[in-house]
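A structural walkthrough
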Amino acid sequence: MTAAISHFDIDAIRAQFPILQQQIEGNPLVYLDNAATTQKPKAVIQAITDYYTQCNANVHRGAHHLADEATRRFEQARDTVAAFIGARDRSEVIWTSGTTEAINIVANGIGQRLQPGDEVLVTEMEHHANLVTWQQACKRSGASLKVAPIHDNGALNTTAFTRLLTDKTKLVALPHVSNALGTVNPIKTLTAEAHAIGALVFIDGAQGIAHGGVDVSDIGCDFYAFSGHKLFGPTGVGVLWGKKAVLQDWPVWQTGGEMIAQVTYQSSTWGELPNRLEAGTPNIAGVIGLAAAIDWFNRLDLTAVQTHERRLLDYATEQAHGFDGLQIVGTAADKIGVFSFLLEGSHPADVGFLLDKQGIAIRTGSHCAQPLMQRLGVPGTARASFSVYNTLQEVDALFIALKKARQMLA
Ligand SMILES: Cc1ncc(COP(=O)(O)O)c(C=O)c1O
């Protein structure tokens, strides 16, 4: 039942995550809240410690050894990200504080050009970050927000999506992977369709990035954004990748040091990408930590990682089918990493509480997707989300704990 994954040393992987070794309420920690944030391997913790103990200095502006070394590590991280996501030009990699800030940068750029009559197309499965930001950009500009429907199983209704694309559509913004349901969207095909009518395409990659294999050049989108903390890296750092041709003449996002070319008391001119979108002192330790996370992830066999994650989800789904009163929420054919569910007769928050008492960490609630919960007619869900370090035994532990929770709630 819980056979080892061939050429995939799960024990060796788990040994690299100190936080996973602890007990919660007398039970071994079973961390199944990876869609909220992933845990950090020693290599990431060490890279951040090394920066602070070996070369803490500000980047780009110092005239001394520490500043040179900090700048070298910081800019090397940009190369690491560019290679990881298949970006052709390192200056298209913009550091942000996370996915949310990346979406706001794009909304600031596009938003200033949106006009009444223009349309922005999102989907019913958006995280609030990729919904509220566009909703507000539309309100400010007089543009209309269109919402592509999903099927009841959580898959995007691609026929309706296509029908909603018109010559008024200026931007399509959609998630690579839904955080609440795990649905994987066919982003390459949808991007091609959107481009055919002249729209720009923004992909919210917050959940897509951690499963590997993202190639922005192959997808063909105009922007792809993600957060470091969902990719084994630190919080407070993320990436906006955007096509240079689009980004380079956009209005700037924030003003201040680093992003300028010439300044007088009367006026200023802006620098080139990426600096023009990176005002002020960046999260240097975060950037270095994120690069360490990518280096760590790159050392794994990607096919084995994806097979392992697929197996965890399939195994949980199989177990759920034999579990009375459990309803899976989100059953799209193409799905990854997320197991959202309801237990008949109980509120997700109570389920989460009783699992926590048994050492199992899941998330409950609307998952920052209130309109999606309304669309599905559910109060929220309980969500177990898997990562590379989870095991089939942990899926067993989840169902044993659920059985106990069900008895207690009965
Ligand atoms: C699909 C999706 N988009 C956007 C975000 C926002 O990410 P962050 O809070 O790291 O900016 C999240 C976070 O859960 C997410 O899952």
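These numbers were taken from a predicted model, which means no experiment stands behind them.

Cut-off values and rules
Residues numbered from 1 in each chain as written. Predicted model: local features only at pLDDT ≥ 70, side-chain atom pairs only at ≥ 80, totals over all residues. Heavy atoms only, no water. Domains from an automatic or database assignment. Contact = heavy atoms within 4.5 Å. Buried area = accessible area lost by both parts, 1.4 Å probe. Salt bridge = Lys/Arg side-chain N within 4 Å of Asp/Glu carboxyl O. Polar contact = N/O pair within 3.5 Å; in protein donor to acceptor, adjacent residues only side chain to side chain. Disulfide = S-S within 2.5 Å. Buried < 20%, exposed > 50% of the residue type's maximum accessible area, 1.4 Å probe, protein only. Near = heavy atom within 4 Å. Areas by Shrake-Rupley, 256 points an atom, 1.4 Å probe, with all protein chains shown as cover. Nonpolar A, V, L, I, M, F, W, Y, C, P; charged D, E, K, R; others polar.

Here's the deal with the domain arrangement of the protein
Each assigned domain of the protein is listed here: domain 1 (10-31 + 301-409) and domain 2 (46-298). Each of domain 1 and domain 2 has a C-alpha centre, and these two points are 28 Å apart. Contacts between the two partners involve 31 residues from domain 1, matched on the other side by 27 residues from domain 2. Carbon and sulfur atoms supply 59% of the area that domain 1 and domain 2 bury against each other, a total of about 2300 Å² over both sides. At the boundary of domain 1 and domain 2, one finds two salt bridges. Here Arg375 and Asp152 are joined by a salt bridge, their closest N and O atoms 2.7 Å apart. At the boundary of domain 1 with domain 2, the tally comes to 17 residue pairs in polar contact (both at pLDDT 80 or more).

Overview of the state of the cysteines
In this structure the tally under the stated criterion is zero disulfides. With no disulfide of its own, Cys138 has Cys221 as its nearest cysteine by sulfur position, at a separation of 20 Å. The buried category is assigned to Cys138, whose relative accessible area is 3%.

Things to note about the site of the ligand
All residues adjacent to the ligand are Thr99, Thr100, His127, Ala129, Asn179, Asp204, Ala206, Gln207, Ser227, His229 and Lys230. Coverage of the ligand by the protein amounts to 86% of the 390 Å² it exposes when considered alone. In the shell around the ligand, the residues fall into two nonpolar, seven polar and two charged.

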